[in-house]
Amino acid sequence: MVGLGFQIDLFVRILPELLRGAAITIQLTAFSVAIGTLIGLFMGIARISHYKIFSVPSALYVEFIRGTPLLVQIMIVYYGLPALGLNLDQYTSGILALSINSGAYIAEIFKAGIKSIKKGQTEASISLGLNYIQTMRYVILPQATRNILPALGNEFIALLKDSSLVSIIAISELLRRGMIVYSRTYDAWTPLLGVALIYLCITIPLSRAVQYIEKRWEILD
Amino acid sequence: MYYTFNMGHYSDSSCFFAIFLFCINNLTYEFRNIMYHKIQIAKHLLVIAITFLHTSTRKYETEVLEMKRIGQISIVLLLILAVVAASGCTGTKSKKLVEEGYLTIGTEAQYPPFEIIKPDGSFYGFDIALGEALAKELGLKPKFVDTDFASIIASLNSGKFDVAMSAMTITEDRQKTVNFSDPYFDAGLSMAVPINSNKQTVNDLNGAIIGVQLGTTGDIYASELKNVKEIKRYAHTPDAFLDMKNGKVDAVINDDVVNKPIVASDPTSFKVVSSLLTVEQYGVAISKENEDLLLKINAALKKLKENGTYDQIYDQYIVNWSDE
Amino acid sequence: MIKNKTIGKKLSPINNNSNGQPIIKMTNVKKSFGDLVVLKDINLEIKKGEVLVVLGPSGSGKSTLIRCINRLEKIEEGEIMVDGMDIYSPDMDIHKLRTKVGMVFQQFNLFPHMKVLDNIILSPLKVKKIPKDQAKKEALELLKKIGLDDKSNSYPHELSGGQQQRVAIARALAMNPDVMLFDEVTSALDPELVKGVLETMKELAKMGMTMIVVTHEMGFAKEVADRVIFMDEGYIIEENEPKEIFKNPQNPRTQAFISKIL
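Residues numbered from 1 in each chain as written. Chains lettered and ligands numbered in written order. Predicted model: local features only at pLDDT ≥ 70, side-chain atom pairs only at ≥ 80, totals over all residues. Heavy atoms only, no water.

Peer 1: Report on the packing of aromatic side chains, specifying residues and quantitative values.
Peer 2: Residues and elements named next belong to chain B. Taken as a whole and judged by the stated rule, the model has 18 aromatic pairs over all chains. Through a chain of ring-to-ring contacts, the aromatic side chains of Phe 114, Phe 126, Tyr 184, Phe 185, Tyr 282, Tyr 310 and Tyr 314 assemble into a single cluster. Over the ring of Tyr 124 we find Lys 118; its NZ or CZ atom is 4.5 Å from the centre of that ring. (Phe/Tyr/Trp six-rings, centres within 6.5 Å; stacked < 30°, edge-to-face > 60°. Lys NZ or Arg CZ within 6 Å of the ring centre and 35° of its normal.)

This is the structure we're talking about:
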């Protein structure tokens, strides 16, 4: 069956190759979101700190990352950093760039989540004698998680799609594998459509899961 | 609102950091590279610093002393950064291999029959086989890194790989920034056109759109043609052919020995005309700071040509090319 | 602006368990929010075991006054001594200070993601490092005293407003403070729930707790307060025994205010 030029037999043949790429994509995204969450947690808290030494650098970091294209950031990490003596291989560069990028967006997620908690919670906590870190840990962050977790889920999905950009530094993730296929077969429609389909197969279940979690928590309200 | 920022739980945060660095270290085998040593140094320094700060400042919980603590931490972090950066400065421009025990070879792997990536993800082609043979002669294991052709020399010089083997023509211009080994392949440009095209030579290219790969000798040659309508520069040669198949490009100018297998894989779409517009030779590109390696590669090349390995590879990949 | 200080007239608290030393002493306290000066020159002494009620129109600075005592708000000028220690001195451990001064808020501010019992034991566990079993035991005893021990495993949103506020009081009491601050704690409650909370507060007063209460509940003030102060526009205008202030307000501003509410 050749529907709209899409060659199913070709697709089936290249599927294992593409799936290997998908595994790399998921791996890259997972590591980057994990590291980005760590970065984002500290940066998010630093953003709302009263000490300028924390709030200013973190604000600059977020501004820079959000104001420049991810593609540029990836290329800077891989091609540009050697000038500073930091020579990283492709996978490390990819994960580093994606982590730093998602860290900035996750910092904003944490900041918004934390700020959404009423001031009275913090006041009650500190007037009981709890210090800042205890207040964050036991009072604010557990409550903020309700807002933060779905947003983190969406960030994961967004980063999964954005990770296709690391194909520019020849990381063999899903998109790159598709490109290599059509460099062999001279049919770009089938592999590219196949790549898109595989992305959908990953992102659709994930976004359903995030929606489900959001709904469940709304009921508890 | 008044908060005091209590940094009392250093052991927790240093554990966190150590785990974070450990993860970066050991994610997959691909991560073991020169960063390894720098990360070790940074790790040790950081743990020492954090322990020191933890024990010395446990008693102090007021704002004035907290500012001092913040100052201490900043100084320690800056020191660590300086050490990491400094060790980087001495590490990469030397003649050391990118990775001990390996000959790291950069190549742009969408270029049959010299380098392609097979469905199982492995590198395959003339340059690949030759590269493996060279590495063996040098007593090293081969390791290939896929890269863009346009930036291959910059990446070579910034230390991403030890050598570049990517069907690179030896030109005077390139020799200004890198060294080349003795030539290992005789080649030349030709023109590929759609199967139904009536263009036979470069003189038929008035008002035509030409596709080339960015940074190649095909690019340079096409750029000097007069009266062409437009030159489209692609990151990879197959992209140019794909566009030609879709009618967006009238001709592709590229290495003849590459045009042939590409056309052969889709003979109803393309044909090669006007062969050997130029005479070129490929060489292995090596950083100018690695004269030691240059000598070794030349010696190895000579040996491979003398003992028949070179001919074997030529037979398998050029004469009998098949990408199955 | 006439400040009617009771110079020369020492008030003795109803409860005789004090040693005469003021547990809280505020001297020349001034506090602004940006350009707006909210506390203009506060001088106040509170004795141990005393129940002080703070009255005044909105904007007079009543809430700000008590929030300065546990450093929830920072003062620009003046001095605040709690239990003989300057709360802004470099050796003052602010977290310790706040365990000595408990506060109950108008909006209750219970931690919604924790059960009632966990709300109460959080601070004793983490700040005073009391072992969990002991903390739980003491918390249950407190809940029993206010009649809510059957709610110990409920979440705050399952309780009525009055019950939540009483839990908030228990939570503050769990730290064994020397002073309790109450910031309009019944203003957000439905009228029928107010009584329960006030009863709890009366019990507390009987047990000899030093309390500073910002409230509009005149009945409470008349029944329980040892002293009442009236504030307006950042000054303490008048202070006296509740009987006197309600029957014979001296200052015309006090008179205007009292006449409006009674």
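Alright, that's what it looks like, and here's the rest.
Peer 1: Please provide a residue-by-residue account of unusual backbone geometry, values included.
Peer 2: A cis geometry characterises the amide bond from Pro 112 of chain B onward to Pro 113 of chain B, with omega recorded as 0°. Among the secondary structure elements, Pro 113 of chain B is positioned in the loop between β2 (110-111) and β3 (115-117). Of note, Asn 28 of chain C is a non-glycine position whose phi angle comes to about 50°, a positive value. At Phe 108 of chain C, a residue that is not glycine, the phi angle is positive and equals roughly 60°. Here Phe 108 of chain C is to be found in the loop between β6 (101-104) and α3 (116-126). (Helix = DSSP H or I, 4+ residues; strand = E, 2+ residues; numbered from the N terminus.)

Peer 1: Please give an account of the interface of chain A and chain C that cites residues and values.
Peer 2: Across the boundary between the two partners, chain A contributes 16 residues, which contact 22 residues of chain C. The junction of chain A with chain C conceals about 1,700 Å² of combined surface from both sides, 62% of it contributed by carbon and sulfur atoms. In terms of surface lost to chain C, no three residues of chain A exceed Ser 127, Leu 128 and Tyr 138 of chain A, which account for 35% of the buried area on that side. Across the salt bridge formed by Arg 67 of chain C and Glu 123 of chain A, the nearest N and O atoms sit 2.7 Å from each other. Residue assignment for the side of chain A that touches chain C shows that the elements contributing at least two residues are α5 (119-127) and α6 (132-162) of chain A. With seven residues, the top contributor of residues to the side of chain A that touches chain C is α5 of chain A. Across the side of chain A that touches chain C, the residue classes tally to seven nonpolar, eight polar and one charged. (Contact = heavy atoms within 4.5 Å. Buried area = accessible area lost by both parts, 1.4 Å probe. Salt bridge = Lys/Arg side-chain N within 4 Å of Asp/Glu carboxyl O. Nonpolar A, V, L, I, M, F, W, Y, C, P; charged D, E, K, R; others polar.)

Peer 1: So, the environment of Tyr 138 of chain A: which residues are in play, and what are the values?
Peer 2: Residue position: Tyr 138 of chain A is located in helix α6. The class of Tyr 138 of chain A is buried, set by a relative accessible area of 18%. Put simply, Tyr 138 of chain A and Val 77 of chain A are 61 residues apart on the chain and 37 Å apart in space, counted from C-alpha to C-alpha. Contacts of Tyr 138 of chain A, omitting those with residues within four sequence positions, involve His 113, Met 114, Leu 122 and Lys 126 of chain C. (Buried < 20%, exposed > 50% of the residue type's maximum accessible area, 1.4 Å probe, protein only.)

Peer 1: Now, about helix α6 (residues 191-206) of chain C: what can you tell me, with residues and values included?
Peer 2: Think of an α-helix as 3.6 residues a turn; residues three or four steps apart then line up on the same face. Residue and element names in this part refer to chain C. In this model, α6 (16 residues) spans 24 Å end to end at C-alpha, consistent with the 22 Å of a helix rising 1.5 Å per residue. Inspection of α6 places Val 194, Val 197, Leu 198, Thr 200, Met 201, Lys 202, Leu 204 and Ala 205 among the buried residues, and these make up the whole buried set. On its buried face, α6 sits against β3 (51-55), α5 (161-173), β7 (179-183), β8 (210-214) and α7 (218-224). (Expected span 1.5 Å × (residues − 1).)

Peer 1: Describe the sheet that holds strand β5 (residues 141-146) of chain B, and please don't skip the residues or the numbers.
Peer 2: All names here are of chain B. Taken in spatial order, the five strands line up as β5-β1-β6-β15-β7 in an open sheet, and their pairing is mixed. Pairing within the sheet leaves two strands with one partner each, and these edge strands are β5 and β7 (178-180). The pairing of strand β6 (residues 163-164) with strand β15 (residues 285-287) spans two bridges and is antiparallel. Looking across to β15, one finds that Val 163 is bridged to Ile 286. Along the sheet face, helix α4 (residues 126-137) touches β1 (102-107) and β5 and points at about 145° away from the line of β5. Those strands touched by helix α10 (residues 291-306) are β1, β6, β7 and β15, and its axis lies near 155° from that of β15. (Pairing = 2+ DSSP bridges. Axes fitted to C-alpha atoms, helices over the stretch in contact; angles between N-to-C directions.)

Peer 1: Can you tell me about the sheet that holds strand β9 (residues 189-194) of chain B, naming the residues and giving the values?
Peer 2: Residue and element names in this part refer to chain B. Taking strand neighbours across the sheet as the criterion, the five strands line up as β11-β10-β12-β9-β13 in an open arrangement whose pairing is mixed. Of all strands in the sheet, those with a lone pairing partner are β11 (230-234) and β13 (270-273), marking the two edges. Between one strand axis and the next, the sheet turns through 30° on average, direction left out of account. Against the sheet, helix α8 (residues 237-245) engages β9, β10 (209-213), β11, β12 (251-255) and β13, with an angle of about 155° to β12.

Peer 1: For the nonpolar core, give the residues involved together with the corresponding values.
Peer 2: Judged by nonpolar contacts, the single largest core of 56 residues is most densely connected at Ile 24, Met 26, Ile 42, Leu 44, Leu 65 and Ile 212 of chain C. The leading source of residues in this core is α6 of chain A, at nine residues. Apart from residues lying up to four places away in sequence, Ile 212 of chain C is in contact with Ile 24, Ile 46, Leu 52, Val 54, Ile 66, Ile 69, Val 179, Met 180, Leu 181 and Phe 182 of chain C. Tyr 111, Ala 192, Ile 262 and Ala 300 of chain B belong to the second-largest nonpolar core, a separate cluster that totals 54 residues. (Core = buried A, V, L, I, M, F, W, Y, C linked by side-chain atoms within 4.5 Å.)

Peer 1: I'd like a description of the packing of helix α1 (residues 8-47) of chain A against helix α2 (residues 52-67) of chain A, backed by residues and values.
Peer 2: All names here are of chain A. Here α1 crosses α2 at 125°, and the two axes come no closer than 7 Å. As the angle between them shows, α1 and α2 are arranged oblique. The crossing of α1 and α2 is left-handed. Two secondary-structure elements touch here, α1 through Ile 39, Met 43, Ala 46 and Arg 47 and α2 through Phe 54, Ser 55, Ser 58, Ala 59, Tyr 61 and Val 62. A breakdown of the residues in the contact of α1 with α2 according to their chemical character gives seven nonpolar, two polar and one charged. (Parallel < 35°, antiparallel > 145°, perpendicular 65-115°, else oblique. Left-handed = near helix turned anticlockwise from the far one by under 90°.)

It is worth stressing that arrangement in space is one thing and function is another; only the former is reported here.
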